[in-house]
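Okay, here's what each chain looks like letter by letter:
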Amino acid sequence: MTALAERDSALARLSPLSKIIGAAAVSVTAFLPGQWQYVAALLAFLVVLTAVSGINPGALAKRLTYLWGAALMVGVVNTVYAENKTGDIWWQWGPVTIASDAAENGAVFGFRVAVFSLAGLLGLGATDPTDLSDSLIQKWRFPERFTIGALSALRMMPLLAEEWNRITQARRARGLEGRGNIVRRLRLFASTMFGLLVVALRRGQRLAVSIEARGFDPDVQRSCARRAVWRRADTAVTVLIVGFCTALATVYYVL
């Protein structure tokens, strides 16, 4: 899969902590009650940051295809199937009625999903798990046992994806396919998930034994091979994002 951002891009050079703080600030701001213009302005701000972050547009578009498709579906469903359809009636056909208030609420929910997905990709999509664990341990003093375990889990995700493809291809080679039968495909999916669960448990057990064999004991004081750095650019990006979110919330709730 194409990398979301190169190692020398502006987004990848930022500290993982500054990206986490920025993504959290945007997500919390989008979750606050507000009109659709308020959330749309937040999404536009994220799009501008994306344009100057040095991110790979093709890789980002591929990852956002299903996420923003889900955001569109959330907006449509909340518009069409809203319980209270007040305001001006824009369109009506049989039992389907689209009212102005329901459309605005649907737009709010749709924009929120779009903001959450883009903020999550910008915050974690271009972050190396090892850099994230080093920053959490050195800067925020997270427990080493928890952080190393989370790092190992993140490192195993691509392996599980490869294992899923391997199991699926092996079953297809044996002639085990759904071929349009929904019940058969659901059974194959459930059995494949069970097989992947067994593989994940075995890998997790071997990984735990190997970690203990390498001396990762919680009672032992350990040093870090790489030093986590917080640069001026991290401070500037954090102040910019948090400041914009604070200003946007102030304008909406105070003015």
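This one's a predicted model, so the numbers in the text were calculated from it and none came from an experiment. (Residues numbered from 1 in each chain as written. Predicted model: local features only at pLDDT ≥ 70, side-chain atom pairs only at ≥ 80, totals over all residues. Heavy atoms only, no water.)

1. Thoughts on the overall build of the protein chain
Helix and strand content of the protein chain: nine helices and two strands. Traced from its N-terminal end to its C-terminal end, the protein chain shows the element sequence α-α-α-α-β-β-α-α-α-α-α. For the protein chain, buried positions account for 32% of its 255 residues. Accessible area of the protein chain: about 16300 Å², with a carbon and sulfur share of 63%. (Helix = DSSP H or I, 4+ residues; strand = E, 2+ residues; numbered from the N terminus. Buried < 20%, exposed > 50% of the residue type's maximum accessible area, 1.4 Å probe, protein only. Areas by Shrake-Rupley, 256 points an atom, 1.4 Å probe, with all protein chains shown as cover.)

2. A few points about a nonpolar patch on the surface
On the surface, Leu32, Tyr252, Tyr253 and Val254 cluster together into a nonpolar patch covering about 370 Å² of accessible area. Mapped onto the fold, Leu32 is located in the loop between helix 2 (16-31) and helix 3 (36-51). (Patch = residues over 30% accessible without salt bridge, like charges linked within 9 Å, V, L, I, M, F, W, Y side chains within 5 Å. Salt bridge = Lys/Arg side-chain N within 4 Å of Asp/Glu carboxyl O.)

3. Some words on the nonpolar core
With 31 residues, the main nonpolar core has Val26, Leu42, Leu46, Ile55, Leu60, Val115 and Leu118 as its most contacted residues. Elements with a contribution of two residues or more to this core: helix 2, helix 3, helix 4 (57-80), helix 5 (100-125) and helix 9 (232-253). Per-element accounting of this core gives the leading share, seven residues, to helix 5. (Core = buried A, V, L, I, M, F, W, Y, C linked by side-chain atoms within 4.5 Å.)

4. Remarks on the packing of aromatic side chains
Two aromatic rings, taken as a pair, are described by how far apart their centres are and by the angle between their planes. Inspection of the entire model under this criterion finds four aromatic pairs. With a centroid separation of 3.9 Å and an interplanar angle of 10°, the aromatic rings of Phe45 and Phe244 are classed as stacked. In this pair, Phe45 is assigned in helix 3 and Phe244 in helix 9, connecting sequence segments 199 residues apart. Judged by its relative accessible area of 12%, Phe45 is buried. Seen from their ring centres, Trp140 and Phe142 are 6.3 Å apart, and the 35° between their planes marks the pair as tilted. What makes Phe142 partly exposed here is its relative accessible area of 30%. (Phe/Tyr/Trp six-rings, centres within 6.5 Å; stacked < 30°, edge-to-face > 60°.)

5. Here's the deal with helix 7 (residues 144-173)
End to end, helix 7 covers 43 Å across 30 residues, agreeing with the expected 44 Å (1.5 Å per residue, within 8%). Taking the largest bend as the criterion, helix 7 deviates by roughly 30°, centred on Met157, and proline Pro158 comes between one and four positions later. When we look at burial in helix 7, the residues that qualify are Thr147, Leu151, Ser152, Met156, Leu160, Glu163 and Ile167. Those residues of helix 7 that are buried lie in contact with helix 6 (129-138) and helix 8 (182-213). Immediately downstream of helix 7, the backbone of Gly175 shows phi near 85°, a positive value. (Expected span 1.5 Å × (residues − 1). Bend = angle between axes of the 7 residues up to and from the residue. Contact = heavy atoms within 4.5 Å.)

6. Observations regarding the UniProt feature "transmembrane region" (unreviewed entry) in the protein chain
UniProt feature "transmembrane region" (unreviewed entry): in the numbering of this structure it lies at residues 12-32, 38-57, 64-82 and 236-254. The span residues 12-32 is 86% helix and 0% strand, and its two end C-alpha atoms sit 29 Å from each other. Here residues 38-57 is 75% helix and 0% strand, with 25 Å between the C-alpha atoms at its ends. (UniProt positions renumbered as here; feature names shortened; annotations may be inferred.)

7. Some details on the pattern of salt bridges
Scanning the model with the defined rule gives two salt bridges in all. For the salt bridge of Glu163 with Arg166, the shortest nitrogen-to-oxygen distance reads 2.6 Å. Residue Glu163 and its partner Arg166 are located together in helix 7, separated by three residues, close to a single helical turn. The class of Glu163 is buried, set by a relative accessible area of 11%. Residue Arg166 is classed as partly exposed on the basis of its relative accessible area, which comes to 46%. In this structure, Arg203 and Glu163 form a salt bridge, with 3.5 Å as the shortest nitrogen-oxygen distance. Of the two residues, Arg203 is situated in helix 8 and Glu163 in helix 7; the sequence distance between them amounts to 40 residues. Each member of the salt-bridge network shares a partner with another, and the members are Glu163, Arg166 and Arg203.

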